[in-house]
Amino acid sequence: MLRHHGRFPYSPWTARRPESWPGGRKLAVYLGVNLEHFAFGEGLGAELAPGGPAPDILNYAWRDYGNRVGGFRLIQLLDELSLPCTVLLNSAMYSHAPELVAAHRARGDEIAGHGRTNSERQSTLPEAEEARLIAESTAAIAEHEGMPPRGWLSPWIAESAVTPDLLQEAGYSYSLNWCMDDQPVWKTTRAGRILSIPYPQEANDIPSIVARKDGAEQFAALLAEDFAERLRQTADGIPQVMGIALHPYIIGQPYRIRALRRALSVIAAERGTVWMTTAGAIHDHCLTWPEGSIP
């Protein structure tokens with residue numbers, strides 16, 4: 001027997017029930033906008049080019065461009081197309097770039113937890129320290145937003161063996177860490193369960209643009225093709241979730257936002273057919289489905 005995570009059983013796609021999203025729609029689309037802050041001269045971070053000795057100002061400054069410019073440019077695009085989003089927030093952003101967080105708050109966007117900073121991984125911490133990371137990030141969001149977040153995406157999608165347990169015990173209702181399905185899935189924890197909502201590792205600008213070196217047009221085409229195929233597939237009555245993961249320091253570059261506008265315009269034009277929503281609203285609607293509908 002191979003080692004197993006023990007969080008959820010295998011469930012084939014062909015065994016799913018034909019439930020619906022609001023209005024009888026079968027495809028839910030949400031945008032996950034990652035607002036991240038990084039330590040200067042230390043810790044983790046995506047790279048535009050291979051980093052040199054610390055302080056690596058090239059890559060640090062490239063990442064901070066998203067907080068100074070790219071994030072506001074992305075908000076302009078979301079406003080233009082009247083699209084909601086789920087903000088995946090490093091709590092360090094409250095001290096580093098509070099104006100950017102406030103701009104999302106003014107739009108009514110959902111704020112979800114994304115750790116303290118993407119300069120660290122929670123998966124390498126002892127349990128007590130990981131619990132403190134979650135608690136500190138949660139408390140900061142609750143203080144500034146007037147309510148705690150309900151969803152969590154770990155920095156670098158990194159989980160320890162007890163991360164789902166700690167999140168559920170901290171009051172979280174859903175997490176976005178696992179990319180194993182196109183529908184929400186219940187994960188068991190030592191004190192209950194937590195909903196896993198699909199978060200994309202393909203329709204995501206970091207794997208696409210940073211890792212695979214896709215151009216702006218390739219990434220936009222990826223989104224449009226992914227959407228078109230899902231729209232076609234959901235004609236069979238089985239609902240799907242399409243997440244789109246965006247990082248302002250990457251997608252907020254002018255030539256990339258131009259390509260993104262074309263792709264999101266295609267998706268937004270189908271808002272009468274698909275549910276343009278947030279991860280939190282997906283969680284809430286799943287609770288209206290009969291028990292057993294979610295694998």
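Residues numbered from 1 in each chain as written. Predicted model: local features only at pLDDT ≥ 70, side-chain atom pairs only at ≥ 80, totals over all residues. Heavy atoms only, no water.

Student: Could you give me a rundown of the overall build of the chain, with the residues and numbers involved?
Tutor: Along its length, the chain carries 10 helices and 9 strands. A compact globule built from 295 residues would reach a C-alpha radius of gyration of about 19 Å, and the chain, at 19 Å, matches this within 12%. Referenced to the eigenvectors of the C-alpha coordinate spread, the extents of the chain come out at roughly 50 × 45 × 40 Å. Here the chain holds 295 residues, and 53% of them are scored as buried. Of all intrachain contacts in the chain linking residues separated by at least 6 positions in sequence, the fraction that spans at least 24 positions is 72%. Carbon and sulfur atoms provide 56% of the accessible area of the chain, an area that totals close to 12,800 Å². Charge-centre separation for the chain: the mean point of 27 positive side chains lies 3 Å from the mean point of 34 negative side chains. (Helix = DSSP H or I, 4+ residues; strand = E, 2+ residues; numbered from the N terminus. Rg over C-alpha atoms; globule rule 2.2 N^0.38 Å. Buried < 20%, exposed > 50% of the residue type's maximum accessible area, 1.4 Å probe, protein only. Contact = heavy atoms within 4.5 Å. Areas by Shrake-Rupley, 256 points an atom, 1.4 Å probe, with all protein chains shown as cover. Lys, Arg positive; Asp, Glu negative; His and termini not counted. Charge placed at Lys NZ, Arg CZ, Asp CG, Glu CD.)

Student: Would you mind going over the pairing of strand β2 (residues 86-89) in detail, with residue names and values included?
Tutor: Side-chain alternation along β2 places Thr86 and Leu88 on one buried face and Val87 and Leu89 on a second face that is also buried. Relative to β2, strand β1 (residues 27-35) is paired through 4 bridges, and the arrangement is parallel. Bridge pairing in β2 places Val33 opposite Val87. For the crossover from β1 across helix α1 (residues 57-81) to β2, the handedness is right-handed. As paired elements, β2 and strand β3 (residues 110-113) share 4 bridges and run parallel to each other. What sits directly across from Thr86, in β3, is Glu110. (Pairing = 2+ DSSP bridges. Right-handed = clockwise from strand over helix to strand, strands pointing away.)

Student: Explain helix α9 (residues 254-268) residue by residue, including any values.
Tutor: Its 15 residues place the ends of α9 20 Å apart at the C-alpha level, agreeing with the 21 Å of an ideal helix rising 1.5 Å per residue. Every buried residue belonging to α9 is among Arg256, Ile257, Ala259, Leu260, Ala263, Leu264, Ile267 and Ala268, and all of these are buried. (Expected span 1.5 Å × (residues − 1).)

Student: Describe the nonpolar core, naming the residues involved and giving the relevant values.
Tutor: Counting residues in hydrophobic clusters, the biggest one holds 48 residues, and the most contacted among them are Leu74, Leu89, Ile244, Leu260 and Leu264. For this core, the leading source of residues is α9, giving 7 residues. Beyond its immediate chain neighbours, meaning those up to four positions away, Ile244 contacts Val29, Tyr30, Leu31, Gly32, Pro200, Ala203, Leu223, Leu264 and Ile267. Ranked by size, the runner-up nonpolar core spans 20 residues in total, among them Trp21, Tyr174, Ala279 and Cys286. (Core = buried A, V, L, I, M, F, W, Y, C linked by side-chain atoms within 4.5 Å.)

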